[in-house]
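A structural walkthrough
Take a look at the letters that make up each chain.
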Amino acid sequence: MNLFEKILSIHGIDPIPESGTPIRLTIDQTLTQDATGTMACLQFEALGIDRVRTDLSVSYVDHNTIQSGYFNFDDHRFLRTIAAKYGMVFSEPGNGICHQVNLERFGVPGRTLLGSDSHTPTGGGIGMIAIGAGGLDVAMAMAGEPFTLPMPNVVSVRLTGELSPWVAAKDVILEVLRRETVKGGVGRVYEYTGPGVASLSVPERATITNMGAELGATTSIFPSDDGTLAFLKSQGREDQWIRLEPDPDARYTREIEIDLSQLVPLAACPHMPDMVTEVGKLAGTKVDQVVIGSCTNSSYKDLATVAAMVKGKRIPPETSLVIAPGSRQVLTLLADHGELTDLIRAGARIMECACGPCIGMGQAPPSGGITVRTMNRNFKGRCGTADAGTYLVSPETAAATALAGAFADPRDLGAPPEITLPKKFPVQEAGFVFPALDGGSVEILRGPNIKPLPLGQAVGEEVSGEVLLKLPDNITTDDIMPAGTHILSFRSNIPEISKYVFSHVDPEFSRRAREKQGGFIVAGDNYGQGSSREHAALAPMFLGIRGVVAASFARIHRANLINFGILPLILEDPRALEAISQGDSLVLRNARENILEKDGFELENTTTGKAIIVKIDLNPFERQVLSAGGKLNWYRSQQDS
Ligand code: MIC
Ligand code: SF4
């Protein structure tokens, strides 16, 4: 068995089914974050269960900590009180980014983790099956329901050799993205194997599994070996270690080989994480801003390396250097060891331990500017400035670039600094609130921005409407439901946030959808790539969107569409897109019967008179959920019957 299969079998999935077969995976741990967690908690509450049924559920506040206005603090207070009531651990604002903190504090090899954030696979760095999902799926997991997914194909990424000086884990995943592309991972798990694995620490492995999300993969995973034990020891959790490796004769659907010693510093260019080039080719191009942090690259080693590189130097005034440490533990260490002072003296701006600039929460670059970031996504506009270009690089390349004020290959800087990792990391109680055994008497505090959950419509005899928007390939959830300081404040208020659906693509979309009382969206390949935000389905549902007709869908977004009763219709022949225009009227007759029983059917374009053949690739459970108008409706109908 390969490692992924071994963990499935520990969780009762035995024998291992053919790829594509639905599997029901029991979930040991969940994580939620504030931007998706308020909805997940409202959904959990709607299930009517008195306490979470996982081994551990942690509610993090890390995305929206700006607190401009009462909205965010209201959300935080709601999350703190609902966590206490239902038995979740609460991680306070300022305690760090969910994935970094979860890895340090709670990650356990061989366990399963479901998180309402697409970068949950960070946990694969410590040998967990860690999967990102919509908030409703995570709420169901908190209620003890298994998570259903099609059995993925497992690809082996065989690592040989060792990284050369100045080449980093980030360059490994950028190389995988260069080869596999942003849609190459759909339906796949990337399992890292081979002799090169031992040379990578757990935080380095986590950088790689984190950004596996950009491949569209179900998850990525590393074995649990001596390096994993060393990491757990440093966190005072060695008792949670088990050795977990693939069998020597493990089978994979495909093998990719990467010789680590051949890699060079790489950068993903605007506006997709797979537009990868060598940093050397960009050398000399002036940059306005360098941002170091995010769940991909803000471990102690990452930031201590940056501090050592800038120590005693001055960042040029035309370039802004921003540092966002990944966790309170990392920040504490930087402060204790004096690296924080080195960063401050070099002119860096120090941010709170949170997602911050990664999700457009401040630190937007200047108009037409170039921002170089250690983050994982560079979608157009995500940084907060529509016409800026974001490049994704390693912390080493970012620091070299900040020092030069222009793209620079760190290999030109001589020998890299030697970073000694502490034997023990400071494990702290500050920042966490652990729940009491009985939360029955806790009062949940809700502010006026927390609005009730809207529900979807059951599918009737006919689903019809106008094509409200026609879009190209690779539309991201940042395109569908943008984030940023203003919009992110409305994650608990669907009527308000729905005004911003597609606002960066077509500012008139929301108004048009309301006027027409809903309709269809038409798109190319990989529709909905990127985040797990279910608001990208929930808000369109609120506007009356009944179906998306696309050449293909990204995994998490497809699940979110089904969860909220929006039909994910796949074009049998993507060339049929040419025959559909914005403004055309579409009708699906015998809708209920088709959804419940057929794999393919006709959608009529009543404007052109042409039939469009669509497929609907659903398992029996998804058919029930869709026809009920979403998972909550379905769940309630089960409780009533
Ligand atoms: C992201 O990186 O896009 C986010 C913000 O973390 C999202 C979650 C969200 O939109 O709240 C994700 O990756 O799932
Ligand atoms: Fe936060 Fe960015 Fe990571 Fe998303 S990708 S969890 S916004 S740091």
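Before reading further, recall that the structure is shown in the block above.
A few points on the structure. What you are looking at is a predicted structure, and each value in this text was computed from that prediction instead of being measured.

With that out of the way, let us pick up the overall build of the protein chain. The helix and strand inventory of the protein chain stands at 22 helices and 26 strands. In terms of overall size, the protein chain behaves like a compact globule, its C-alpha atoms giving a radius of gyration of 24 Å where 641 residues would be expected to give roughly 26 Å. The C-alpha extent of the protein chain, read off along each of the three principal axes, is 70 × 55 × 55 Å. Per-residue burial for the protein chain yields a buried fraction of 63% across its 641 residues. Surface accessibility of the protein chain: about 22,400 Å² in total, with carbon and sulfur atoms responsible for 49%.

Next up on the list: the site of ligand 2. Every residue near ligand 2 is listed here: His 63, His 99, Asp 117, His 119, Ser 294, Cys 295, Cys 355, Cys 358, Ile 359, Asn 376 and Arg 382. Each residue belonging to the shell around ligand 2 can be placed in one class, and the counts come to 4 nonpolar, 5 polar and 2 charged.

Below, the discussion takes up helix 8 (residues 226-234). Buried within helix 8 we find Thr 228, Phe 231, Leu 232 and Ser 234. Considered in projection along helix 8, the buried side chains sweep an arc of 160° and stay on one side of the axis. Lining the buried residues of helix 8 we find helix 4 (98-105) and helix 7 (202-211). The N-terminus of helix 8 is capped by Asp 225, whose side-chain oxygen sits 3.0 Å from the backbone nitrogen of Gly 227. Positioned one or two residues after helix 8, Gly 236 has a phi angle of 70°, which is positive.

Within the secondary structure layout, Pro 454 lies in the loop between strand 19 (432-433) and strand 20 (462-470). Taking relative accessible area as the criterion, Pro 454 reaches 16% and is therefore assigned buried. Pro 454 sits 236 residues away from Thr 218 along the chain, and the two C-alpha atoms are 28 Å apart. With near-sequence residues (within four places) excluded, Pro 454 lies in contact with Ile 494, Leu 538, Met 541 and Phe 542.

Another aspect to go through is the site of ligand 1. In the vicinity of ligand 1 lie 14 residues, with His 63, Asp 117, Ser 118, Ser 532 and Arg 533 positioned nearest. Taking Arg 382, its side chain carries an N or O atom lying 2.8 Å from an oxygen atom of ligand 1. A distance of 2.7 Å separates an oxygen atom of ligand 1 from a polar backbone atom of Ser 532. Contact with the protein chains covers 97% of the free accessible surface of ligand 1, which is 330 Å². Taken together, the residues of the shell around ligand 1 sort by class into 2 nonpolar, 7 polar and 5 charged.

Here we come to the side chain of Asn 563. Structurally, Asn 563 can be placed in helix 19 (residues 555-563). What makes Asn 563 buried here is its relative accessible area of 4%. If sequence neighbours within four positions are ignored, Asn 563 has contacts with Leu 136, Asp 137, Val 625, Gly 630 and Lys 631.

Attention shifts here to the pairing of strand 6 (residues 129-132). On strand 6, burial covers both faces: Ile 129 and Ile 131 on one face and Ala 130 and Gly 132 on the other are all buried. Strand direction decides the pairing type here: strand 5 (residues 112-115) and strand 6, joined by 4 bridges, are parallel. Note on strand 6: the bridge partner recorded for Thr 112 is Ile 129.

This paragraph deals with helix 7. Counting buried residues along helix 7, 9 of its 10 residues qualify, which places the element largely inside the surrounding structure. Listing the buried residues of helix 7 in full gives Val 202, Glu 204, Arg 205, Ala 206, Thr 207, Ile 208, Thr 209, Asn 210 and Met 211.

Moving on, we get to the nonpolar core. Ranked by internal contacts, the top residues of the largest apolar core, which has 83 residues, are Phe 502, Phe 509, Tyr 527, Val 549 and Leu 569. Per-element accounting of this core gives the leading share, 6 residues, to helix 3 (residues 71-86). Contact partners of Leu 569, with chain neighbours within four places excluded, come to Phe 520, Val 548, Val 549, Ala 550, Phe 553, Phe 601, Leu 603, Val 614, Lys 615 and Ile 616. Membership of the second largest hydrophobic core comes to 36 residues, among which are Val 279, Val 290, Leu 303 and Phe 425.

Between helix 2 (residues 34-46) and helix 3, whose axes approach to 10 Å, the crossing angle comes to 45°. Taken together, helix 2 and helix 3 sit at an angle that is classed as oblique. For the pair helix 2 and helix 3, the crossing hand works out as left-handed. Taken together, the residues of helix 3 that come into contact with helix 2 (itself represented by Asp 34, Gly 37, Thr 38, Cys 41, Leu 42, Phe 44 and Glu 45) are Asp 75, His 76, Phe 78, Leu 79, Ile 82 and Tyr 86.

Rules behind the numbers
Starting from 1, residues in each chain are numbered consecutively following that chain's sequence as written. Working convention: letters from A go to chains and numbers from 1 go to ligands, in the order in which they are written. Per-residue local features are limited, in this predicted model, to residues with pLDDT of at least 70; the limit for side-chain atom pairs, both in listing and counting, is 80 or more; totals at the level of whole chains, interfaces and linings are taken over all residues. Side-chain descriptors were evaluated using all non-hydrogen atoms of the structure, hydrogens and water having been removed beforehand. Only DSSP runs of H or I reaching four residues or more are called helices, and only runs of E reaching two or more are called strands; each is numbered from the N terminus. In this treatment the radius of gyration is a C-alpha quantity, and the globule benchmark scales as 2.2 Å times the residue count to the 0.38 power. Only protein chains enter the calculation, and the probe is 1.4 Å; a residue is then buried if its accessible area is under 20% of its type maximum, exposed if over 50%, and partly exposed in between. Accessible surface area values rest on a Shrake-Rupley calculation with a 1.4 Å probe, where residue burial reflects the displayed protein chains alone. Being near a molecule or strand, for a residue, means having at least one of its heavy atoms within 4 Å of it. Gly is placed with the polar residues, together with every amino acid not listed as nonpolar (Ala, Val, Leu, Ile, Met, Phe, Trp, Tyr, Cys and Pro) or charged (Asp, Glu, Lys and Arg). Comment: arc refers to directions from the helix axis out to C-beta atoms. By definition in these notes, contact holds between two residues if any of their heavy atoms fall within 4.5 Å. Polar contacts, as counted here, are pairs of nitrogen or oxygen atoms within 3.5 Å of one another; within protein the pair requires one atom able to donate a hydrogen and one able to accept it, and residues that are adjacent in sequence qualify only if both atoms are side-chain atoms. Whether two strands pair depends on DSSP finding at least two bridges between them. Here, nonpolar core refers to any group of buried Ala, Val, Leu, Ile, Met, Phe, Trp, Tyr and Cys residues whose side-chain atoms link them within 4.5 Å. A fitted line through C-alpha atoms represents every axis, and for helices the fit uses only the stretch in contact; the resulting angles, taken between N-to-C directions, go from 0 to 180 degrees. To sort the angles, those under 35 degrees are grouped as roughly parallel, those over 145 as roughly antiparallel, those from 65 to 115 as roughly perpendicular, and the leftovers as oblique. For a crossing to be left-handed, the near helix must be turned anticlockwise from the far one by less than a right angle; the clockwise case is right-handed.

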